[in-house]
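One-letter residues, chain by chain:
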Amino acid sequence: MRQQIGILGATGVVGQRFIQQLENHPWFEVAWLAASDRSSGKKYGDAVKWKLDTALPERIATMPVSPALPDNAPKVIFAALDADIAREMEPAFARAGCAVITNSSAFRMHEDVPLVIPEVNADHLPILENQAWRKQSGGYIVTNPNCSAIGLVLALKPLVDRFGVEAIFACTMQAVSGAGYPGVASMDILGNVVPFIKNEEEKMQAETLRLLGSRDANIVRPLSAKMTAHCNRVAVEDGHTESISLKLSRKATREEILEAWSEFTPLAGRDLPTAPAQPVEFTPLEDRPQPRLDKMRGNGMAVTVGRLRPCTLLDWKFTVLSHNTIRGAAGAAILNAELLVSVGKLSPAKLDPVAVTA
């Protein structure tokens, strides 16, 4: 028996990715779809402008789009909502006893809402027990990070653990799919770079330090490092590329950094279906990673790093690539749900809960 799940914001780009990624999932089954009022009551196939490179599953195409209300919704909800809508809608589902696993930024920085990358900070999950919704109805909200932060943090985590990090400089080249559909107008992006994405730099800086921070009882203390980010929109369909420079707390050789990345397999043995076997893959090719060639590593869930070299301003610099709507959005939320299963916060199948690392 698979756990029935619902998708809020099902017709958008990330909602479509949820459907694609869950089509053959062994633990979860899409049973309920909700979108805007203009889609409610229609068959999903009539309501959606399907934009992915795989066919819309026939079963999903014939499903009705329900009103975005917790009445008759499953108890597990994947949310792909704009932040302004999520601020009102996600608490309503949590109050109704639903586990809301969300891609929205609305609650990422709330003290009692876990902001989680399973390979990085699974031990932050217990703070969800402090949510008022959890105490009243059993419902809760768990978030995954900004799409530009998640690739960076996966590359940073093994280096933070082994060497410490004091300063981070990040410059992103972000795909247009990160803006949703229809996203950025073609006349604005073709042959162009847009050096501004509203609130992106602030999100990236704050979320990166929170994700790499430590849990002290019911509080997450951010990593005590300095960070700055420059975020740019570029004419790429999928895949965020980031140029990174770091100052380490202690010196490390190139070989030690490569070893830290290659040995970073924190989810080994958990058997989470969406988790990549190697979450950070290094490419030695001097002109890689590239979105067109590397975005689907690990089925879109692995981060690719390359061009590791000394930095004359800080210590080391390198390039990071991640698939922004898979690893940076829908896939990240699905992996969070799988982690919740493994620690006994969800029970879609006959699985023995594994204790969260304290």
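Computed from a predicted model, the values in this text were never measured in an experiment. (Residues numbered from 1 in each chain as written. Predicted model: local features only at pLDDT ≥ 70, side-chain atom pairs only at ≥ 80, totals over all residues. Heavy atoms only, no water.)

Chemist: I keep staring at the overall build of the protein and nothing clicks. Help me out?
Modeler: Scanning the protein for helices and strands turns up twelve helices and 15 strands. Principal-axis analysis of the C-alpha atoms places the extent of the protein at approximately 60 × 50 × 30 Å. The buried share of the protein, reckoned over its 358 residues, is 54%. Within the protein, residue pairs in contact and separated by at least 24 positions form 74% of the contacts whose partners lie at least 6 positions apart. Carbon and sulfur atoms form 50% of the exposed surface of the protein, whose accessible area is close to 15700 Å². Seen as two clouds, the 38 positive and the 39 negative side-chain charges of the protein have centres 1 Å apart. (Helix = DSSP H or I, 4+ residues; strand = E, 2+ residues; numbered from the N terminus. Buried < 20%, exposed > 50% of the residue type's maximum accessible area, 1.4 Å probe, protein only. Contact = heavy atoms within 4.5 Å. Areas by Shrake-Rupley, 256 points an atom, 1.4 Å probe, with all protein chains shown as cover. Lys, Arg positive; Asp, Glu negative; His and termini not counted. Charge placed at Lys NZ, Arg CZ, Asp CG, Glu CD.)

Chemist: Honestly, the sheet that holds strand 8 (residues 193-194) in this entry has me stumped. Any pointers?
Modeler: Sheet strands line up and pair through hydrogen bonds in the backbone, either parallel or antiparallel. Reading across the sheet, the seven strands line up as 8-11-7-12-15-14-13 and stay open at both edges, with mixed pairing between neighbours. The open sheet terminates on both sides in strands that have one partner only, identified here as strand 8 and strand 13 (280-283). Summarising the sheet, strand 14 (residues 303-310) and strand 15 (residues 316-322) pair through five bridges and their orientation is antiparallel. By the bridge assignment, T304 is partnered in strand 15 with L321. Strands in contact with helix 9 (residues 200-211) are strand 7 (165-174), strand 11 (226-234) and strand 12 (240-248); relative to strand 11, the strand with the most contacts, it is inclined by about 135°. (Pairing = 2+ DSSP bridges. Axes fitted to C-alpha atoms, helices over the stretch in contact; angles between N-to-C directions.)

Chemist: What is the right way to read the packing of aromatic side chains from this model?
Modeler: Here a ring pair, both rings aromatic, is described through the centre-centre distance and the interplanar angle of the planes. Overall, the coordinates contain seven aromatic pairs when judged by the stated rule. An angle of 80° between the planes, with centres 5.2 Å apart, marks the rings of W261 and F318 as edge-to-face. Linking W261 in helix 10 (residues 254-262) with F318 in strand 15, this pair joins segments that are 57 residues apart in sequence. A relative accessible area of 1% places W261 in the buried class. On the accessibility criterion, F318 (2% relative accessible area) is buried. (Phe/Tyr/Trp six-rings, centres within 6.5 Å; stacked < 30°, edge-to-face > 60°.)

Chemist: Would you mind going over the packing of helix 7 (residues 147-163) against helix 9 with me for this structure?
Modeler: Packed helices, taken two at a time, are described by their axes: the angle between them and the distance between them. Relative orientation of the contacting elements helix 7 and helix 9 amounts to 35°, with a least axis distance of 9 Å. In terms of crossing hand, the pair formed by helix 7 and helix 9 is right-handed. Listed contacts from helix 9 to C147, S148, A149, L152, V153 and L156 of helix 7 are E200, M204, E207, T208 and L211. Across the contact of helix 7 with helix 9, the residue classes break down as seven nonpolar, two polar and two charged. (Left-handed = near helix turned anticlockwise from the far one by under 90°. Nonpolar A, V, L, I, M, F, W, Y, C, P; charged D, E, K, R; others polar.)

Chemist: Before we go on, may I ask you to explain the environment of V30 in this structure?
Modeler: The residue V30 is located in strand 2 (residues 28-34) in this model. Since its relative accessible area comes to 4%, V30 is described here as buried. Taking C-alpha positions, V30 is 43 Å from E256, a pair spaced 226 residues apart along the chain. Contact partners of V30, with chain neighbours within four places excluded, come to I5, I7, L22, R59, I60 and M63.

Chemist: Explanation requested: the layout of surface pockets in the structure shown.
Modeler: It is the rolling of a water-molecule-sized probe over the atoms that shows where space remains empty. Put simply, the second largest pocket is a space of about 520 Å³. Around the second largest pocket, the lining comprises 28 residues; the ones closest to its centre are R17, K51, S177, E237 and D238. Where the lining of the second largest pocket is concerned, the elements lending two or more residues are helix 1 (13-22) and helix 8 (186-189). For the lining of the second largest pocket, the leading source of residues is helix 1, giving five residues. (1 Å grid on protein atoms, 1.4 Å probe; cavity = no way out; pocket = protein on both sides within 12 Å on 5 of 7 lines; lining within 4 Å. Points joined across faces, edges and corners; volume = space filled by probe spheres on them.)

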